[in-house]
Amino acid sequence: DPPTVEEIVAVMRQAGDGVHGARLRALIVLLWRSRLRINEALTVTEHDLDARLGAILIRHGKGGRRREVGMDPWGFEHLRPWLELRMAMPVGPLLCVVDGPTRGRHWASDAARTQLRRVAAKARVRRRLAPHQLRHAHAVELAHEGVPLNVIQRQLGHTNLGVTSLYLQGIDNAEI
């Protein structure tokens, strides 16, 4: 089961006000609101973001494919605090190491997953909150809003419609 909106927001609130919390909220927003995979989110740069168009360029997605994904204004608004903090760090990926001699360099996916799990536990989210679950959560939201399956497929970057339908297995057809 993907996490609910309430659970995701609870984790975002629990992340804290410091630089680590801002970075985690930025990661959550990218995974959830733009439906990115963890490795895609961790390779996004500031130049890949276009808030005016509501778009994010993914240069090397799964299978090496390049694609553009959309993100709503709410997502860009919640990304802004991290963007302001990120300006004071060395040039590198958007989501980067914030402390020590590797500051500004690539943030490892294992470290990102660990921080997400730790904060989810502090927020008392009982279900497993893995980065990929946030992609599922947004796919379910789109289905509830009546977005056609083939549009959800394109948004998720799936080549096979069957994979997209697996994301929505827990939803009753009448509900969609």
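Above this note sits the structure.
First things first, this report covers the structure right here in the doc. Given the structure is predicted, the values throughout are model-derived calculations rather than measurements.

## Focus: the pattern of salt bridges
Logical step 1: For the structure on display, the rule yields six salt bridges.
Logical step 2: A salt bridge links Arg33 to Glu141, with the shortest nitrogen-to-oxygen separation between them at 3.0 Å. Residue Arg33 is found in helix α2 (residues 19-33), and its partner Glu141 is found in helix α6 (residues 131-144); the two are separated by 108 residues along the sequence.
Logical step 3: For Glu40, the salt bridge goes to Arg37, with nearest N and O atoms at 2.8 Å.
Logical step 4: Each of Arg33, Asp72 and Glu141 takes part in one network of salt bridges that share partners.

## So, empty space enclosed by the protein
Logical step 1: Enumeration over the complete set of coordinates arrives at one cavity of 30 Å³ or more.
Logical step 2: Of the pockets and cavities examined, the largest cavity occupies roughly 30 Å³.
Logical step 3: Every residue along the wall of the largest cavity is listed here: Arg37, Glu40, Gly61, Lys62, Arg65, Arg67 and Gly157.
Logical step 4: In terms of residue class, the lining of the largest cavity is built from no nonpolar, two polar and five charged.

Analysis parameters
- Residues numbered from 1 in each chain as written.
- Predicted model: local features only at pLDDT ≥ 70, side-chain atom pairs only at ≥ 80, totals over all residues.
- Heavy atoms only, no water.
- Salt bridge = Lys/Arg side-chain N within 4 Å of Asp/Glu carboxyl O.
- Helix = DSSP H or I, 4+ residues; strand = E, 2+ residues; numbered from the N terminus.
- 1 Å grid on protein atoms, 1.4 Å probe; cavity = no way out; pocket = protein on both sides within 12 Å on 5 of 7 lines; lining within 4 Å.
- Points joined across faces, edges and corners; volume = space filled by probe spheres on them.
- Nonpolar A, V, L, I, M, F, W, Y, C, P; charged D, E, K, R; others polar.

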